Amino acid sequence: MPELKNCRRCKRIFMYAIGPQICEACKKLEEEEFERVRQFLKEFPGATIQEVSKETNVSTQLIYRFLKEGRIEVADNSPIALQCESCGVRINSGRFCVNCSKRIANEMINAGRSLKESLKDYDEKENEGGLRYLHGVRKDESIRRDFKRK
Ligand SMILES: [Zn+2]
Ligand SMILES: [Zn+2]
């Protein structure tokens, strides 16, 4: 039965009936993006999600969803996969393998800039990165203190 829902892509309210929870405008956009991904994979079966994303300008999350929804077909012997963007090793999450992220983190400290942003996702997932984590906790506590004072 149709009901009002928020489009999960643009957050606008729309009349939802069936299928993915997105509005008509976004559905159209997604179809176009899906078509780009499909065409690309036809030419380059076994490409990684990152390669596909880079070449088609479609976000990796959306490609994951296409995969999860079974809309993208990949060859059995060359499944679409995440790859370390630095050395090409297979990884399960993030953008770099453990070795490379450590190396890059070191280089970052030495260089003192640039890659920080691209590593942010990874750091947040890992929680190992001592300084950043501690800093986050400290910030958190000071916010709480401020809150109490008011
Ligand atoms: Zn929408
Ligand atoms: Zn690597």
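Bear in mind the structure is a predicted one, so any value in this text is a computation, not a measurement.

Novice: Go over the overall build of the protein with me, naming the residues and quoting the values.
Specialist: On a plain count of helices and strands, the protein comes out with six helices and two strands. When the elements of the protein are put in sequence order from the N terminus, they spell out β-β-α-α-α-α-α-α. A burial count over the protein gives 12% of its 150 residues as buried.

Novice: Talk me through the pairing of strand 2 (residues 13-16); I want residue IDs and the actual numbers.
Specialist: The pairing of strand 1 (residues 3-6) with strand 2 spans four bridges and is classified as antiparallel. Looking at strand 2, one finds that E3 is bridged to Y16. Between strand 1 and the antiparallel strand that follows it, strand 2, lie six residues; K11 among them carries a positive phi value of about 70 degrees.

Novice: Describe the confidence of the model for the protein, naming the residues involved and giving the relevant values.
Specialist: The predicted model of the protein averages 74 in pLDDT, with 63% of residues at 70 or higher. Across residues 126-142, where pLDDT falls below 50, the model places three contacts with residues more than four positions away in sequence or in other chains.

Novice: I'd love a proper account of unusual backbone geometry, names of residues and values included.
Specialist: Positive phi, close to 70 degrees, is recorded for K11, a residue that is not glycine. On the secondary structure map, K11 appears in the loop between strand 1 and strand 2. Residues other than glycine seldom take positive phi values, yet N57 does so here, at roughly 65 degrees. The residue N57 is located in the loop between helix 2 (49-56) and helix 3 (60-68) in this model.

Novice: Describe helix 2, naming the residues involved and giving the relevant values.
Specialist: Among the residues of helix 2, those classed as buried are I49, V52 and T56. Buried residues of helix 2 fall within an arc of 65 degrees about the axis and therefore sit on the same side. Positive phi shows up at N57, right after helix 2, with a value of about 65 degrees.

Novice: Tell me about the packing of helix 1 (residues 24-43) against helix 2, and name the residues and values.
Specialist: Where helix 1 contacts helix 2, the two axes come as close as 10 Å, and the packing angle between them is 120 degrees. One finds that helix 1 runs oblique with respect to helix 2. Between helix 1 and helix 2 lies a crossing of right-handed hand. Between helix 1, through R36, V37, F40 and L41, and helix 2, the contact on the second element is made entirely by V52, E55 and T56. Classifying every residue of the contact of helix 1 with helix 2 gives four nonpolar, one polar and two charged.

Novice: Run through the nonpolar core, naming residues and quoting values.
Specialist: Counting eight residues, the largest nonpolar core is built from V37, L41, A47, I49, V52, V58, I63 and F66. Elements that contribute at least two residues to this core include exactly helix 1, helix 2 and helix 3. When neighbours within four sequence positions are excluded, I63 is seen to be in contact with V37, I49, V52, S53 and V58.

Novice: Can you break down the environment of N6 residue by residue, with the values?
Specialist: Assignment of secondary structure puts N6 in strand 1. Its 14 C-beta neighbours within 10 Å are what place N6 among the partly exposed residues. Once you skip the residues sitting within four places of it in the chain, N6 turns out to touch K11 and I13.

Novice: How would you sum up the environment of F40? Please name residues and give values.
Specialist: Here F40 shows up in helix 1. Not counting residues up to four positions away in its chain, the partners in contact with F40 are A47, V52, E55 and T56.

What counts, and at which threshold
- Residues numbered from 1 in each chain as written.
- Chains lettered and ligands numbered in written order.
- Predicted model: local features only at pLDDT ≥ 70, side-chain atom pairs only at ≥ 80, totals over all residues.
- Helix = DSSP H or I, 4+ residues; strand = E, 2+ residues; numbered from the N terminus.
- Buried ≥ 20, exposed ≤ 12 C-beta atoms within 10 Å, placed from the backbone.
- Pairing = 2+ DSSP bridges.
- pLDDT = per-residue confidence, 0-100.
- Contact = placed C-beta atoms within 7 Å.
- Arc of directions from axis to C-beta.
- Axes fitted to C-alpha atoms, helices over the stretch in contact; angles between N-to-C directions.
- Parallel < 35°, antiparallel > 145°, perpendicular 65-115°, else oblique.
- Left-handed = near helix turned anticlockwise from the far one by under 90°.
- Nonpolar A, V, L, I, M, F, W, Y, C, P; charged D, E, K, R; others polar.
- Core = buried A, V, L, I, M, F, W, Y, C linked by C-beta atoms within 7 Å.

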